[in-house]
Amino acid sequence: MTPAARLAAAADILDEVAAGKATEASLTAWARRSRFAGAKDRAAIRDIVFDITRRKLSCAWCGGGETGRHLVIGYLTLTGEKHGFHMTGDGHALQPLTEQEQSTMRDISDAHENVALDIPEWQFPIWNRALGRKLQSVAQCMQARAPVFLRVRSEFEEDVIAEATEADVTLTRHRDVPTAFLAEGNVRRLHTFSSFENGKFEFQDASSQQVIQCLSDQIADAYVLDFCAGGGGKSLALMDAGAKSVTAHDINFHRMNDLEARAQRAGVRIDRVKTPSGQFDLVLCDAPCSGSGAWRRQPDGKWRLTESSLSDLLKVQSKILRQAATHVLPEGFLAYVTCSFFEPENEDRVSDFLSLNQSFELVGQHRWYPSEGGDGFFLAIMKRSTR
C-alpha cells in the first residue's frame, strides 16, 4: 500500500470508531477484510490511527471537522505533511481538498488551551489540579507514542541484550530502575525473542517497575496478596523482587487466564484465587482507574471517560480499599496503586480511606509523571497498627 492509501484506510477506521466501535476492534475488522494489506501496512495504519486518536481534538480543530477525513487533514497539517501529495484521488488515496475544506482549516495556535493540548474540556480542571506547572509538559508528552520498556531479570541480562543486538533493537537501562530497559528500534520483533519465550524478560513500563522497587522493603520475604492482579505483570515482578509467595486475585478471574503460563515461563509459582482468604504481610491494590497516566497506550480511554464513569470508578476504588484492608496483617502494609494522575482517584481516595480506618497510617506516597519517561503512576503505602 502507498502512504496515501494507508491514510485513506485510517480515515475509514476512524469513522467506524466515531460510530461507536472500539479502536482495536475496528483495526482488527479492517485487517480481516483487507487481506491484500501486509504486516507493514497494518502496523503503519495502526500507528496513524493511534497518533490521530491521541490528538483527536487538535486534529479536528486543524482539519475543520470530526470525520475520519477531517481528522486526517488535521493530522497532515500538524505533522507538516503536504496535503496535495497524499490527497490526490489516485488509486486508493483520499480525494483532493475541496475549496470548502480549505476554508475551514485552522491553525493550532488559534485553538483554546484544552484543544491544543488534547484535553477534553470537562477534564481540564482535573488535569490542572493534579499537574499544576507540569500540565503543559505532561499533556504534550501524552500526544506522542509511549516508550517500550522491558523488565529484564537480572540473571539473564546478558542473554537479552545479546539477542536484542542481533535483532537491531537497542536497550538502554533506566537511570533509576536496574531492571527497566528502554527498547528502541525494531521493537515489534521483541515478542518473537527466545528470551521472551523463556521468561527472561517481560514487557512492563518503567513506572510500574518503580512501584515495585519502592515496595522492596515490604516485599522481601513477605506473603503478598496481589488484590487486583489482572494479567499478572506485577505478580511476576513481586516474585522477582523477593516475595516469599504471591497470591493473585481479580474480581474478573478470567483476566488472570494468562498468568499461569507466564509464571511457568518464568519458573515461579503464583496461586490464583477467586476469593482471597486470610491475611498477608503486604496487600497490593493496583486498582481499576481512568488510566489517565497510560493514555498514550490506550488513547480511547481519554475520550470515552465521562464525569459519570469517573464517579463510578471512585466508588469502586473506595470499595476495593475497604475489602483489601481486611486482608492486611497487624504491622502489615497496604499499597494502593493507580496508573492515573487524577487526584480524586489518588490522594482523595487515600485520604477518605484513612479517615475511616484509624488503624492504618500513611507511611509513603509517590507520583510518577509521563513527562519523566514512563507512564503516570501513583503509589500510597499504608501500615496497619496492632490496635
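This write-up is about the structure you can find in this document. Throughout this description, residue numbers start from 1 for each chain and increase along the sequence as written. Local features in this predicted model are restricted to residues whose pLDDT is 70 or higher, and side-chain atom pairs enter the listing and the counts only when it is 80 or higher, whereas totals over whole chains, interfaces and linings include all residues. Computation of side-chain values covers all heavy atoms of the structure but excludes hydrogens and water.

### Comments concerning unusual backbone geometry
Trans peptide bonds make up most of the peptide bonds, and negative phi angles are found at most residues other than glycine.
Inference 1: In this model, Asp-221 sits at a positive phi of 60 degrees, which is unusual for a non-glycine residue.
Inference 2: Note on conventions: DSSP H or I runs of at least 4 residues are helices, E runs of at least 2 residues are strands, and numbering of each starts at the N terminus. Secondary-structure assignment places Asp-221 in the loop between α14 (216-219) and β5 (223-226).
Inference 3: At Glu-331, a position not held by glycine, the phi torsion is positive, near 70 degrees.
Inference 4: If you trace the backbone, Glu-331 turns up in strand β9 (residues 328-338).

### A few points about the packing of helix α4 (residues 56-63) against helix α5 (residues 68-79)
Axes are the key here: two packed helices are described by the angle between their axes and the distance separating the axes.
Inference 1: An axis is simply a line fitted to the C-alpha atoms; with a helix, the fit covers only the stretch in contact. Between two such axes, the angle follows the N-to-C directions and lies from 0 to 180 degrees. Close contact between α4 and α5 brings their axes to 7 Å; oriented N to C, the two are set at 95 degrees. Here α4 is positioned roughly perpendicular relative to α5, judged by the angle of their axes. Residue-level inspection shows Lys-56, Ser-58, Cys-59, Ala-60, Cys-62 and Gly-63 of α4 in contact with α5, the latter providing His-70, Leu-71, Ile-73, Gly-74, Tyr-75, Thr-77 and Leu-78.
Inference 2: By the convention adopted, Pro, Cys, Tyr, Trp, Phe, Met, Ile, Leu, Val and Ala count as nonpolar, Lys, Arg, Asp and Glu as charged, and the other residues, Gly among them, as polar. Taken together, the residues of the contact of α4 with α5 break down into seven nonpolar, five polar and one charged. The labels follow the angle: roughly parallel below 35 degrees, roughly antiparallel above 145, roughly perpendicular from 65 to 115, and oblique for the rest. Between two residues, a contact is recorded if the distance between any of their heavy atoms is within 4.5 Å.

### Structural notes on the sheet that holds strand β2 (residues 169-173)
Inference 1: Each pair of strands is called paired provided DSSP finds at least two bridges between the two strands. Read from one edge of the open sheet, four strands run β2-β3-β1-β4, paired in antiparallel fashion. The open sheet terminates on both sides in strands that have one partner only, identified here as β2 and β4 (201-203). Across this sheet, the average inter-strand angle for adjacent strands is 35 degrees, counted without regard to direction.
Inference 2: In this structure, strand β1 (residues 148-152) lies alongside strand β3 (residues 180-185), joined through four bridges in antiparallel fashion. Along β3, the bridge assignment pairs Val-148 with Ala-183.
Inference 3: Set on the sheet, helix α11 (residues 157-166) makes contact with β1, β2, β3 and β4; between it and β2 the angle comes to about 145 degrees.

### What about the packing of helix α1 (residues 3-18) against α5?
Inference 1: Contact geometry for α1 and α5: axes closest at 7 Å, N-to-C directions at 130 degrees. Here α1 lies oblique to α5, going by the angle between them. When you trace α1 past α5, the crossing you get is right-handed. Taken together, the residues of α5 that come into contact with α1 (itself represented by Leu-7, Ala-11, Leu-14 and Asp-15) are Gly-68, Arg-69, Leu-71, Val-72, Tyr-75 and Leu-76.
Inference 2: Looking at the contact of α1 with α5 residue by residue, the class counts come to seven nonpolar, one polar and two charged. Left-handed describes a crossing whose near helix is turned anticlockwise from the far helix by less than a right angle; the clockwise case is right-handed.

### A word on the pairing of strand β8 (residues 280-286)
Inference 1: Only protein chains enter the accessibility calculation, which uses a 1.4 Å probe. A residue is then buried if its area is under 20% of the maximum for its type, exposed if over 50%, and partly exposed in between. Burial analysis of β8 places six of its seven residues in the buried class, the great majority of the element.
Inference 2: Where β5 meets β8, three bridges bridge the pair, whose relative direction is parallel. By the bridge assignment, Asp-226 is partnered in β8 with Leu-284.
Inference 3: Bridge count between β8 and β9: six bridges; the pairing is parallel. Each residue of the ladder has a partner; that of Leu-282, found in β9, is Phe-333.

### Overview of helix α10 (residues 135-142)
Inference 1: Where α10 is concerned, the buried positions are Leu-135, Val-138, Ala-139, Cys-141 and Met-142. In an axial view of α10, the angular spread of the buried residues amounts to 160 degrees, which keeps them on one side of the axis.
Inference 2: Elements in contact with the buried residues of α10: α3 (39-54), α8 (113-116) and α9 (124-131). The directions considered for the arc are those from the helix axis to the C-beta atoms.

### A closer look at the pattern of salt bridges
Inference 1: Here, a salt bridge means any Lys or Arg side-chain nitrogen found within 4 Å of an Asp or Glu carboxyl oxygen. This structure, assessed with the given rule, holds 30 salt bridges.
Inference 2: Two residues, Asp-300 and Arg-304, come together in a salt bridge whose shortest N-O distance is 3.8 Å. Of the two residues, Asp-300 and Arg-304 are both situated in helix α17 (residues 300-304); the distance of four residues between them amounts to about one turn of the helix.
Inference 3: Look at the salt bridges and you will find they share partners, linking Asp-47, Asp-51, Arg-54, Arg-145 and Arg-188 into a network.

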